[in-house]
Protein chains: 2
Amino acid sequence: MFGQVLKLKHERVAEQLAREIRGGRLALGSQLPGEHALATRFDVSRNTVRQALADLIRQGLIETRSGKGSFVTFDGRTIDDRLGWSRALAEQGVPTTVRILRLELVHEPELAERFDLQSAECVAVDRLRSLDEGRAISIERSLVPAVGPLRNLPEQGLTGSLYAALRSAGLTPVQGEEWVDLSRVTQSDAELLGCAPGDLYLRTQRLSRDARGEFVEYVESLLNPDRFRLHLRFGEASE
Amino acid sequence: MFGQVLKLKHERVAEQLAREIRGGRLALGSQLPGEHALATRFDVSRNTVRQALADLIRQGLIETRSGKGSFVTFDGRTIDDRLGWSRALAEQGVPTTVRILRLELVHEPELAERFDLQSAECVAVDRLRSLDEGRAISIERSLVPAVGPLRNLPEQGLTGSLYAALRSAGLTPVQGEEWVDLSRVTQSDAELLGCAPGDLYLRTQRLSRDARGEFVEYVESLLNPDRFRLHLRFGEASE
DNA sequence: CTTGAGAACCTGTCCGAACATGTTCAGAAG
DNA sequence: CTTCTGAACATGTTCGGACAGGTTCTCAAG
């Protein structure tokens with residue numbers, strides 16, 4: 001199920017600090033305790049604390065300045081929907097709950113044509129994401145190939161995350177394309193999202209393939225622009 | 001000035017190994033010496049070697065498998081072409097003209113603080129892009145470091161593209177971050193864009209750095225969502 | 001010949017320590 | 001009052017060591 005145990009110490013430390021940041025106990029701009037203090041508090045070495053802080057930096061939650069300290073850069077409002085495929089989607093932002101709107105086998109000849117897929121048989125997974133307080137903030141409609149264990153998703157239901165299901169089916173997204181534009185919310189989507197029809201939402205469309213170029217996922221998301229911000233890291237330092 | 005010495009040991013190690021990989025002395029698929037061997041060869045600790053290897057992994061040059069070793073994954077092509085890059089695509093084939101709104105030396109201590117820049121002295125270049133029929137569709141505000149020939153931009157004017165000017169100043173963007181969200185157009189921007197104040201526009205903010213991590217450009221764009229769509233290609237096939 | 005125990009490699013994680021360098025500020029020197 | 005200096009404390013880098021766990025091969029037992 002959920003709540004997989006983090007065995008790695010630096011992951012546990014990072015996880016705990018991330019909770020405090022996202023939960024608002026560590027506000028935007030506030031300074032974290034020093035590395036020595038954190039090492040004492042979590043009963044780990046400073047190196048382990050530094051590794052945890054490096055994780056938080058990668059997630060964009062904090063930044064650290066030499067000689068000064070580490071400071072929260074997370075504004076508590078927006079959720080980074082990372083275009084960078086390498087980011088684990090587990091490190092999503094604010095606590096949210098997801099409701100499955102649809103989970104069924106479908107035929108998508110149009111998609112198969114457009115992206116040159118081997119088969120038009122897909123599993124459709126539509127999800128409505130809400131803040132824990134209840135407000136809906138996004139709709140995510142995924143199409144994944146109906147192969148292997150994924151074929152049984154409609155009967156068995158989706159227990160963990162969709163990405164976990166894809167992984168256990170041997171599908172790991174490592175390349176693809178993504179488009180971002182603005183879209184007006186339809187009448188039916190507006191009812192789900194609790195907004196007015198015609199409201200402007202961020203729309204992202206992403207096609208993912210694995211290392212061999214096989215189709216992994218096509219997902220179209222409608223994101224509340226007050227809650228989501230897209231974040232992309234590109235290139236590499238030569239260092 | 002140029003050719004800055006890499007003082008950090010793990011950078012020197014990574015640099016040397018990267019040279020051997022890119023130079024072909026370490027071929028695609030071949031195994032690197034073990035971490036202990038590298039530590040002995042470079043006369044550093046294994047931790048330092050591991051830090052260097054982590055850099056190479058991030059650059060996509062190698063991958064390491066637990067219990068087996070590190071293997072070259074670089075296929076010999078130039079690395080500069082494999083940037084994941086998001087680009088605002090103007091409607092293909094629609095000619096646009098650009099008007100320079102501002103071109104001057106400015107002081108940006110806030111930007112320098114936020115992104116840890118060496119100097120707060122920048123050249124500001126604001127541009128208004130319009131369809132040839134006249135309608136304005138975007139505002140792009142750039143800040144580039146006031147170094148070398150760029151310093152003279154305000155007096156000499158911008159003849160070619162800003163990208164060309166950066167290149168001739170030795171600044172080539174190869175890494176960075178980009179954010180995308182929605183923004184309401186201010187009163188003054190609305191006049192420039194010929195839209196109503198408060199209209200929703202796509203806003204992108206991009207910070208670019210060169211291979212050494214030096215600041216190259218910070219650009220904030222306001223894009224008419226009817227005219228622009230963002231497109232990103234990410235990842236790479238394994239072959 | 002097949003199998004399995006184990007040696008001998010490898011990388012992964014974590015520790016405590018040392019020293020370098022950046023930042024701040026109180027207090028001495030001018 | 002202004003300026004400089006140094007203590008105090010922050011992060012940055014590197015070290016050597018320890019142990020866990022994955023991988024491969026050898027070689028003895030069956």
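Conventions used here
Residues numbered from 1 in each chain as written. Chains lettered and ligands numbered in written order. Predicted model: local features only at pLDDT ≥ 70, side-chain atom pairs only at ≥ 80, totals over all residues. Heavy atoms only, no water. Near = heavy atom within 4 Å. Polar contact = N/O pair within 3.5 Å; in protein donor to acceptor, adjacent residues only side chain to side chain. Nonpolar A, V, L, I, M, F, W, Y, C, P; charged D, E, K, R; others polar. Helix = DSSP H or I, 4+ residues; strand = E, 2+ residues; numbered from the N terminus. Expected span 1.5 Å × (residues − 1). Buried < 20%, exposed > 50% of the residue type's maximum accessible area, 1.4 Å probe, protein only. Arc of directions from axis to C-beta. Contact = heavy atoms within 4.5 Å.

Colleague: Lay out the protein's contact with DNA strand D in plain terms, naming residues and giving numbers.
Modeller: Close to DNA strand D lie 24 residues; Arg50(A), Lys9(B), His10(B), Asn47(B) and Thr48(B) are nearest. Counted by atom, the contact set of DNA strand D within 4 Å of the protein is 64% sugar and phosphate. One of the backbone N or O atoms of Lys9(B) is found 2.3 Å from a phosphate oxygen in DNA strand D. At 2.7 Å, a side-chain N or O of His10(B) approaches a phosphate oxygen of DNA strand D. For the surface near DNA strand D, the class distribution of residues is two nonpolar, 13 polar and nine charged.

Colleague: Quick one: what's the story with the protein's contact with DNA strand C, residue by residue and with numbers?
Modeller: Contacts to DNA strand C come from 23 residues, most closely from Lys9(A), Asn47(A), Thr48(A), Arg46(B) and Arg50(B). In the interface set of DNA strand C, defined as its atoms within 4 Å of the protein, sugar plus phosphate atoms amount to 63%. A distance of 2.8 Å separates a base oxygen of DNA strand C from a polar atom in the side chain of Arg46(B). Taken together, the elements giving at least two residues each to the surface near DNA strand C come down to helix 1 (9–22) and helix 3 (46–58) of chain A together with helix 2 (35–42), helix 3 (46–58) and strand 1 (62–65) of chain B. For the surface near DNA strand C, the class distribution of residues is two nonpolar, 13 polar and eight charged.

Colleague: Before we move on, could you go through helix 3 of chain B and cite the residues and values that matter?
Modeller: All names here are of chain B. With 13 residues, helix 3 extends 18 Å between its outermost C-alpha atoms, agreeing within 8% with the 18 Å of an ideal straight helix rising 1.5 Å per residue. Along helix 3, the residues classified as buried are Thr48, Val49, Ala52, Leu53, Asp55 and Leu56. Viewed along the axis of helix 3, the buried residues span an arc of 155°, placing them on a single side of the element. Looking at the buried residues of helix 3, the elements they touch are helix 1 (9–22), helix 2, strand 1 and strand 2 (69–72). At the exit of helix 3 stands Gly60, carrying a positive phi of roughly 80°.

Colleague: How would you explain the environment of Ser30(A) if you had to name every residue and give the values?
Modeller: All names here are of chain A. One can find Ser30 in the loop between helix 1 and helix 2 (35–42). In the structure, Ser30 is positioned 43 residues away from Thr73 in sequence and 8.4 Å away in space, judged by C-alpha atoms. If near-sequence neighbours (up to four positions away) are discounted, Ser30 is found in contact with Ser70, Phe71 and Val72. Separated by 2.7 Å, the side chain of Ser30 and the backbone oxygen of Ala27 make a polar contact.

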